[in-house]
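Chain and residue survey
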Amino acid sequence: MKQLEIKSAQQAIDLKTWALSGEGIIESKRTIGQLANVFGDEQARKKMNQDTLAYNVQAHLPAKEGTLGGLYFGTTIIQPGKVGNEYFMTRGHFHASSDRAEYYWGVKGEGMLLLMDKNRITWAEKMIPGSLHYIGADIAHRVANTGNEPLHFGAAWPSDAGHNYDEIDKNGFSARLVEVDGVPTLV
Ligand code: M6P
Ligand code: ZN
């Protein structure tokens, strides 16, 4: 940086979709084939086209993972669809530094944010365009797309939060979001 220099931003957000562009935006994808044992009906998952896209994440991670003081920013797009009667959803995680919090917010489409505390109590918040969700310390989080169009949501979290997938990989959440008579229902 030079003294008195005026620059343009190096990253941009498309305000309709919250798609991220510019320097250092990373992109990752999860297909149905990469989500073994995430959904309740593993037989139904295995019968699907394993290349089906379930969700993708764009993120700006300007600080080294684990560094104290940095911030991360991401946009996740979950495709519409179900495995058996369970909606397409993210893998879900606690934070490795378990007392770190995160914001999620709805951008486009309809979904449900599933939250589970350390005592395995699970509840949910409806995600719609403009809904803002503060995910406090020690709370596992996962998002499901309950609509017929892609669900876009934003996320912001500390660079030292990390991801702990162990508990969810082993025991899942204590409730699943399934469609019952056309209605998203926690069971
Ligand atoms: C959000 C953030 C990311 C997370 C992503 C997908 O963008 O919370 O940290 O990786 O959602 O969620 P998961 O890693 O649980 O599949
Ligand atoms: Zn998180």
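Everything below is about the structure shown above.
Residues numbered from 1 in each chain as written. Chains lettered and ligands numbered in written order. Predicted model: local features only at pLDDT ≥ 70, side-chain atom pairs only at ≥ 80, totals over all residues. Heavy atoms only, no water.

Describing the sheet that holds strand β9 (residues 111-116)
Selection criterion: When DSSP finds at least two bridges between two strands, those strands are taken to pair. Counting from the N terminus, the helices are the DSSP runs of H or I reaching at least four residues and the strands are the DSSP runs of E reaching at least two. To get an axis, fit a line to the C-alpha atoms, keeping to the stretch in contact for a helix; angles then go from 0 to 180 degrees between the N-to-C directions.
A sheet is described by the order of its strands in space; here 3 strands give the open sequence β10-β9-β12, paired in antiparallel fashion. Two strands in the sheet have a free side with no partner beyond their single neighbour: β10 (122-127) and β12 (140-145). Going across the sheet, the axis of each strand differs from the next one's by a mean of 25 degrees, ignoring polarity.

A few points about the pairing of β12
Worth spelling out the cut-off: For every residue, the accessible area (1.4 Å probe, protein chains only) is compared with the maximum for its type, and the residue is labelled buried under 20%, exposed over 50%, or partly exposed between those bounds.
Of all 6 residues making up β12, 6 are buried, and the element is well covered by its neighbours. With burial as the criterion, each face of β12 is covered, one bearing A140, R142 and A144 and the other bearing H141, V143 and N145. The sheet contact formed by β9 and β12 spans 6 bridges and is antiparallel. Residue pairing in the sheet places M112 in a bridge with A144 of β12.

What about the nonpolar core?
As a reminder, the rule being used: Here the nonpolar core consists of buried residues drawn from Ala, Val, Leu, Ile, Met, Phe, Trp, Tyr and Cys, with membership extended through side-chain atoms lying within 4.5 Å. The contact criterion used is simple: two residues touch if any of their non-hydrogen atoms lie within 4.5 Å.
The biggest cluster of nonpolar side chains holds 35 residues, and the ones touching the most others in it are F39, I78, Y104 and V143. Per element, the largest residue contribution to this core is 5 residues, and it comes from β9. If we ignore the near neighbours within four places in the chain, the residues touching Y104 are H93, L113, M127, S131, L132, H133, I135, H141, V143, F153, G154 and A155.

A few points about the sheet that holds strand β11 (residues 132-135)
Spatial ordering of the open sheet is given by β3-β4-β5-β13-β8-β11, a layout of 6 strands whose pairing is antiparallel. Strand pairing shows two members of the sheet lacking a second neighbour, β3 (25-31) and β11, which therefore form its edges. Sheet twist, expressed as the mean angle between neighbouring strand axes with direction ignored, is 20 degrees. Examined bridge by bridge, strand β4 (residues 53-60) and strand β5 (residues 71-78) share 6 bridges and lie antiparallel to one another. In the strand pairing of β5, Y55 is matched with I78.

Structural notes on the coordination of the zinc ion (ligand 2)
Note the following rule: Metal donors were taken as nitrogen, oxygen and sulfur atoms no farther than 2.8 Å from the ion, or 3.2 Å where the ion is Na, K or Ca. Water is excluded, so coordination may look unfinished. Irregular is the default label, applied whenever a site is not tetrahedral (four donors, all angles between 85 and 135 degrees) and neither square planar nor octahedral (four or six donors, opposite donors over 155 degrees apart, all other angles between 65 and 115).
Only H93 (NE2), H95 (NE2), E102 (OE) and H141 (NE2) from the protein reach the zinc ion (ligand 2) as donors, at distances of 2.0 to 2.2 Å. Around the zinc ion (ligand 2) sit 4 donor atoms, and with donor-metal-donor angles ranging over 86 to 157 degrees the site reads as irregular. Counting the intervening residues between successive donors of the zinc ion (ligand 2) yields the motif H-x1-H-x6-E-x38-H. Remark: H141 occurs in strand β12 and H93 occurs in the loop between β7 (86-87) and β8 (102-108); sequence separation between them is 48 residues. Relative accessible area serves as the criterion here: at 8%, H93 is assigned to the buried category.

So, the environment of K29
Note that K29 resides in strand β3. In this structure K29 comes out as exposed when scored by relative accessible area, which is 52%. As for K29 and G109, which are separated by 80 residues in sequence, their C-alpha atoms are 19 Å apart. Setting aside its immediate chain neighbours within four residues, K29 contacts Q34, L53, Y55 and N56.

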